[in-house]
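Fold and geometry: a report
This is what each chain is made of:
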Amino acid sequence: MTDWVTIVKKNIIKLLPVFSLIIIAAFLRFWGIVHGSFAFTFDTGRDLLAVRDLVYNHKLSLIGPTSGQMGIFYGPWWYWILAAPFVITAGNPALLNIFMGVSGVLAAVLAYWWGKDWQDEIFGLILAGIIGAGWYFVSSTIQLWSPDLLVLGTLVVLILLAKIKELKRWQLFLAGFFLALLSEMEIVFGVIFIIATLLSLVIWEKRIIFSRKIIFLSGGLLTAELPRIIFELRHNFLQTKALLTVFKPNNSVYHFDIRLQLIWEKLQAVLPFNNFYLNLFFGVLAAGLFIFAFFSSKEERKQFLAKLLFIGLFFLLFIIFYPNTIWDYYLLGLPVILAILISYAIARYIKKTGGKKWVLGIIIFLVFLSRPAEIIRNIQNPNFSGNASVYRNQLAVLDYIYRQANKNNFNYIAYTPPQIEYTWRYLFWWYGRNKYGYEPVIKRQQRFYVIIEPDPGYPDRIKDWLKIRENDGKITKEYTLPSGIMVQTRVRPKE
């Protein structure tokens, strides 16, 4: 009995750091979501309307949302991934956002499990700590937006890449499938990552590339892209033709300094300080530790690290030489590679110099990496004013309108900077029906509400938009909420 109790106590003590990390990772992601302090944007509203049509109207499509590249669309995988959580949560945006937060917590758990197996427990804990509590990884897993799945998706692909020599045929199929799925999360990142990964396999894994195993890897890739392939065959290769124009220079201005800043911002995702000089010092130190760790590693680990460096270098060349505009979200999954490299460097140094005395140092590193000042500020003021994109502020607009309507039917129209009011369509459908029991009607009503979101830098667009509608009812009241969103109450004459 005593032995059993001792074993349980030892296991609890051993797993305490892991459970602590899970709790911290969950808290950092869910605190803002619980208070409605997350972004509900044009993209989110559009995607949820599409998922609603998929779930309730069984509207199946071979393509998904626009990619930001002219004439190129994502596949439908993002909508299909969201379908199950949508059904479970009945379309609740806050609960769906928690689903995204769970993906970040799951990435931290997966990082520990793999890190402990691939290297040792120290490496697993550091990697899990960076992904679970690092400010960049927290902020990249709290929005209902397909690129926010890149943290988990990239980690899964890299874990499979680390074990690629041992993978069975069905596992190689999964590796190809998840690799291709990265392009369905963010198309530019995914395409660059796929090319870099396949090239790394040509260099280091010729036995896989030039054997029957490539059939299963390719099968996974093609399966993930099958909806897009069918779409292309049915539409005369419309997107393929558009893709050929992506790498042609356009009229965008090439700013090398901005690209250097973009590289530095991604490096800072795994650097602990909010200060350029301190981070530069720590970054140089970490690079030195990595070089030491790399050359003293076993051949198998050294080869995997070389693949990571190759993929990172490929992205660096893309950033420097790509002729058109590069957006921050093109590189959203890149810090996962950096997290593995820096975790490995620190873990190897600790193992060489003795582990226990470095525990406090690891904790301090992770605390600084999480930006504690911002965490304290958010805890103290979870209901900050925010702007028109904050979910809580949008619900406040709906509450105001429904109180004014007093259970009577009404029409509404909304001005949003993207010019299409997807956010309001979805929220009136979900929140209006669930809390107040009805939605705005299509048939013309006397009660008419005009929602006007701020459009910083383009005030004339709002003026022009309102001028077109100046004779559509008499304005009886104007109210501006703390978020800056204005609501006009109008009354139309009876017909």
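Before going into details, it helps to say that this report is about the structure given with it.

This part covers unusual backbone geometry. With a phi close to 55 degrees, H58 is a non-glycine residue in the positive phi region. Relative to the elements of secondary structure, H58 occurs in the loop between α2 (42–56) and α3 (77–89). Note on H58: relative accessible area 64%, which makes it exposed. In the Ramachandran plot, A90 falls in the positive-phi region, its phi being about 55 degrees despite a non-glycine side chain. Among the structural elements, A90 can be located in the loop between α3 and α4 (93–118). Owing to a relative accessible area of 42%, A90 belongs among the partly exposed residues under this scheme.

A word on the nonpolar core. Counting residues in each nonpolar core, the largest one holds 138 residues, and the members touching the most others are I130 and F193. One finds F448, V450, I452 and I462 within the second-largest nonpolar core, a separate group that totals six residues.

The next point concerns the packing of helix α20 (residues 391–405) against helix α21 (residues 422–436). The contact between α20 and α21 brings their axes to 11 Å, and the two run at 60 degrees. Judged by the inter-axis angle, α20 sits oblique to α21. The two elements α20 and α21 cross, and the hand of that crossing is right-handed. Packed against α20, whose contacting residues are Y391, Q394, L395, V397, L398, D399, I401 and Y402, the element α21 presents W424, L427, F428, W430, Y431, G432, K435 and Y436 at the interface.

Moving on to the sheet that holds strand β4 (residues 486–491). Spatial ordering of the open sheet is given by β1-β2-β4-β3, a layout of four strands whose pairing is mixed. Only two strands of the sheet have a single partner each, and these edge strands are β1 (411–415) and β3 (474–480). Pairwise comparison of adjacent strand axes, ignoring direction, gives a mean angle of 20 degrees for this sheet. With five bridges connecting them, β1 and strand β2 (residues 447–452) associate as parallel partners. Bridge pairing in β2 links Y415 to I452. Where α20 meets the sheet, it contacts β2, β3 and β4, and its direction lies at approximately 165 degrees from that of β2. Across the sheet, α21 is in contact with β1 and β2; its angle to β1 comes to roughly 145 degrees.

Cut-off values and rules
Every residue gets a number counted from 1 within its own chain, in the order that chain's sequence is written. Only residues with pLDDT of 70 or above have their local features reported here, since the model is predicted, and side-chain atom pairs are shown and tallied only from 80 upward, although totals for entire chains, interfaces and linings are computed over all residues. To obtain the side-chain values, all non-hydrogen atoms of the structure were included, while hydrogens and water were left out. The way it works is that DSSP assigns letters per residue, a run of H or I at least four long becomes a helix, a run of E at least two long becomes a strand, and they are numbered from the N terminus. Only protein chains enter the accessibility calculation, which uses a 1.4 Å probe; a residue is then buried when its area is under 20% of its type maximum, exposed when over 50%, and partly exposed in between. Residues belong to a common nonpolar core when they are buried Ala, Val, Leu, Ile, Met, Phe, Trp, Tyr or Cys residues joined through side-chain atoms within 4.5 Å. Between the N-to-C directions of two axes lies an angle of 0 to 180 degrees, each axis being a line fitted to C-alpha atoms and, for a helix, fitted only over the stretch in contact. Each angle gets one of four labels, with under 35 degrees taken as roughly parallel, over 145 as roughly antiparallel, 65 to 115 as roughly perpendicular, and the rest as oblique. Rotating anticlockwise by less than a right angle from the far helix to the near helix defines a left-handed crossing, while the corresponding clockwise rotation defines a right-handed one. Whether two residues are in contact is decided by their heavy atoms: any pair within 4.5 Å suffices. Two strands form a pair only when DSSP identifies at least two bridges running between them.

That is the geometry; function is a separate question.
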